[in-house]
Amino acid sequence: MSAFARISSMLAALAGAALLAGCERPPVDSVQYGYRGTGMVQVYNPRAMAEQIPLNQPPVAQPPISADGPKAKDVFKNVQVLGDLSAGAFTRQMLAITEWVAPKEGCTYCHSENLADDTKYQKVVARRMIQMTQKINADWKPHVAATGVTCYTCHRGNNIPAEIWFTAEPQNKRADFIGNLNGQNYPATTVGLASLPNDPYTPYLQKAMDIRVAGNTPLPTGNRNSIQHTEQTYGLMMHMSKSLGVNCTYCHNTRSFGNWQESSPQRTTAWHGIRMVRELNNAYMQPLTDTFPAARKGPTGDVAKVYCATCHQGAYKPVYGAPMAKDYPELLKVAMVSTSGPAALPPPVAEAQRSVLYFDVGSPVLQDAQARGLAELITTMSKTPAAKATISGFHSAAGTLAQNQELAKQRAFTVRDSLLAAGIAESRVTLAKPQQTEANVAGEDPTARRVEVTIK
Ligand code: HEC
Ligand code: HEC
Ligand code: HEC
Ligand code: HEC
């Protein structure tokens, strides 16, 4: 064989291999999700699954231990969250946490010589992470069901979960006066190398912008979604599909993406997932910003955040649905924090001329009694059609000013959006600039985190 023939046959073989690497050897299996002919079918390769599943097994649970005996909070000095466990069960939990988050470093990853002190930031973060894990398992059952999560779901033996995200840096305005490119036309891996805006996460998984592109009226009345909004929605959808290792039809009937009646039940699970991720980022990750060292933060100084891939890592259920959390009952319920928890919120004010609504630390969402206060405001506004509302968001003086102002704005948006959604005309609702509350520098005063509405 001549050298030329040898090289060309080698090239042909290589090209063949490259082609095959892109597709999967049949037979593949498919599951029909909806009516035939509507494209609601999920295609998967059983051999690839068979290889994936053993690679995605949780570690063997720590041997069970008696719940009797003296409590951790009585035996140790500085146990704030897991204090009601027996000292034995507490130590078992420490062993498990070490295996999940710092198997190489061991206990000293979080602890200095004195196990009770909180000098290492890792310990402070870990304590909040225990609370976050409890919150997910106890209050986000519509998403995580009885399967639940442990630290392993996100960390998988790593200090930092393999999948995290940061807010993208704003692009410099260029000399050609094109203006704000909004992260477009760069093949960003965040959006599958498409030219979509490169940060679909900040608007939807931290802020609560509407994930809706289709209007449901024939004329453009009411639906104010822009092309930018549509592109960002598609960016997020690509992230969701990739994180779960599925295609769009896992959740949608592609005949009509927006229609819930024709969507699969998984889309409802995903809807709750989006809300859960927002809460994890706003109520748990963001308030830890100042705890993390600079090297752990993103290009704009923000903290690492959670998205779908953080837990799912390519599987339709994280760790293929292995029910790990059941072996750690202390992670299934929210523990009463014995010291220094955030102070309780005052009741909402709902008067004819004035409404005041209070928010949890770092959160733009109104909970429980505060949500009822909002409902009363809506009733007042509906009953007096001439009344106009001015909404101001307030924030405390502790922490970063820019972040505080953003949060105050998001809180004002929450109230405005609820009024608009209840049918109050936009012309009757005005937003005022975010304001800082005075005399609140030390500690977190719950009255600082509020939205005030004046009704005239
Ligand atoms: C990923 C971080 C992390 C690792 C690794 C870790 N711990 Fe802890 N440890 C904590 C946190 C957080 C607390 C406080 C828990 C609370 O407030 O409920 C704590 C508290 C303790 C306490 C109570 C100390 C006191 O007097 O208040 C003991 C004892 C302890 N850990 C032992 C261990 C041992 C032994 C290991 C290694 C097998 C270990 N820990 C590994 C995070 C960690
Ligand atoms: C929903 C996903 C998720 C779960 C569940 C979770 N974590 Fe984390 N964890 C994160 C993210 C995101 C970060 C931020 C990454 C970084 O440090 O930059 C983080 C960071 C940490 C850090 C700081 C690491 C470092 O070196 O900066 C510690 C310690 C930690 N987690 C402990 C825990 C413990 C202990 C648990 C279980 C009780 C847990 N985590 C559960 C997502 C998670
Ligand atoms: C894991 C489930 C899931 C997957 C996979 C998924 N979506 Fe979605 N999609 C949703 C959910 C949930 C919403 C509604 C979000 C909300 O209202 O907060 C949505 C909303 C949308 C919308 C807006 C519909 C409207 O009301 O205007 C479009 C368009 C869309 N998805 C397209 C896609 C495309 C294209 C893909 C594949 C690249 C995809 N989706 C993959 C769950 C999914
Ligand atoms: C804190 C970890 C965590 C995060 C973050 C997370 N999920 Fe999940 N998700 C789970 C767990 C655990 C299950 C399994 C629940 C069960 O067994 O039914 C699940 C199940 C699902 C399912 C149902 C799969 C099925 O076939 O029944 C969908 C769809 C889903 N997640 C979508 C999402 C989307 C979309 C996001 C991001 C917006 C997301 N998840 C973020 C933990 C998470």
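What you see is a predicted model; the values in this text were computed from it and never measured.

Engineer: Can you help me understand the site of ligand 3 in this one?
Structural biologist: If you check the shell around ligand 3, you find 23 residues, and the closest are Ala214, Met237, Cys248, Cys251 and Gly258. When contributions to the shell around ligand 3 are tallied by element, the ones reaching two or more residues are α9 (227–244) and α10 (265–285). Tallying contributions element by element places α9 first for the shell around ligand 3, with 7 residues.

Engineer: For this particular structure, what's the right way to read helix α12 (residues 368–383)?
Structural biologist: In an α-helix, one turn spans 3.6 residues; hence positions three or four apart end up facing the same way. Between its terminal C-alpha atoms α12 stretches 23 Å, which fits the 22 Å expected from 16 residues at 1.5 Å a residue. If you check which residues of α12 are buried, you get Gln370, Gly373, Leu374, Leu377 and Met381. Down the axis of α12, the buried side of the element spans an arc of 100 degrees, and every buried residue falls inside it. Facing away from the buried surface of α12 by more than 90 degrees, the exposed residues are Asp368, Thr379 and Lys383. On its buried face, α12 sits against β3 (349–350), β4 (354–358), β5 (389–395), α13 (401–421) and β8 (450–455).

Engineer: Explanation requested: the site of ligand 2 in the structure shown.
Structural biologist: Near ligand 2 lie 24 residues; those nearest to it are Ala126, Met129, Cys151, Cys154 and Ala304. Among the secondary structure elements, those contributing two or more residues to the shell around ligand 2 are α4 (87–101), α5 (121–139), α7 (151–155) and α11 (308–312). Among the elements that make up the shell around ligand 2, the one with the highest residue count is α5 (6 residues). Class assignment of the residues belonging to the shell around ligand 2 gives a composition of 17 nonpolar, 6 polar and 1 charged.

Engineer: It is not clear to me how the nonpolar core should be interpreted in this structure. Could you clarify?
Structural biologist: As a rule of thumb, nonpolar side chains are buried together in soluble globular proteins. Counting 39 residues, the largest nonpolar core has Trp100, Cys151, Val277, Leu280, Tyr307 and Cys308 as the members making the most contacts within it. For this core, the secondary-structure elements that each account for two or more residues are α4, α5, α7, α8 (201–206), α9, α10 and α11. With 5 residues, the top contributor of residues to this core is α10. In terms of nonpolar packing, the next biggest core, distinct from the first, is built from 20 residues, Leu366, Leu407, Ala408 and Ala412 among them.

Engineer: Explain unusual backbone geometry to me, please; I cannot follow it from the model alone.
Structural biologist: Negative phi characterises most residues that are not glycine, and trans characterises most peptide bonds. Although it is not a glycine, Ala145 adopts a positive phi angle of roughly 50 degrees. Look at Ala145 and you get partly exposed, because 13 C-beta atoms sit within 10 Å. Of note in the backbone geometry, Tyr320 takes a positive phi value of approximately 50 degrees without being a glycine. Within the fold, Tyr320 resides in the loop between α11 and β3. Accessibility expressed as a C-beta count within 10 Å gives 15 for Tyr320, which makes it partly exposed.

Engineer: Help me out: how do you make sense of the pairing of β5 in this one?
Structural biologist: Taking burial as the measure, the 7 residues of β5 include 5 buried ones, the bulk of the element. Inspection of the sheet shows β5 paired to strand β6 (residues 429–431) by 3 bridges, in the parallel sense. In the sheet register, Thr390 faces β6, and the bridge partner there is Thr430. As paired strands, β5 and β8 are joined by 5 bridges and run antiparallel to one another. Note that in β8 the partner of Gly393 across the bridge is Val451. Of the strand pairs in this sheet, β5 and strand β7 (residues 435–436) are connected by 2 bridges, and their pairing is parallel. Looking across to β7, one finds that Phe394 is bridged to Gln435.

Scoring rules and cut-offs
- Residues numbered from 1 in each chain as written.
- Chains lettered and ligands numbered in written order.
- Predicted model: local features only at pLDDT ≥ 70, side-chain atom pairs only at ≥ 80, totals over all residues.
- Near = placed C-beta within 6 Å.
- Helix = DSSP H or I, 4+ residues; strand = E, 2+ residues; numbered from the N terminus.
- Expected span 1.5 Å × (residues − 1).
- Buried ≥ 20, exposed ≤ 12 C-beta atoms within 10 Å, placed from the backbone.
- Arc of directions from axis to C-beta.
- Contact = placed C-beta atoms within 7 Å.
- Nonpolar A, V, L, I, M, F, W, Y, C, P; charged D, E, K, R; others polar.
- Core = buried A, V, L, I, M, F, W, Y, C linked by C-beta atoms within 7 Å.
- Pairing = 2+ DSSP bridges.

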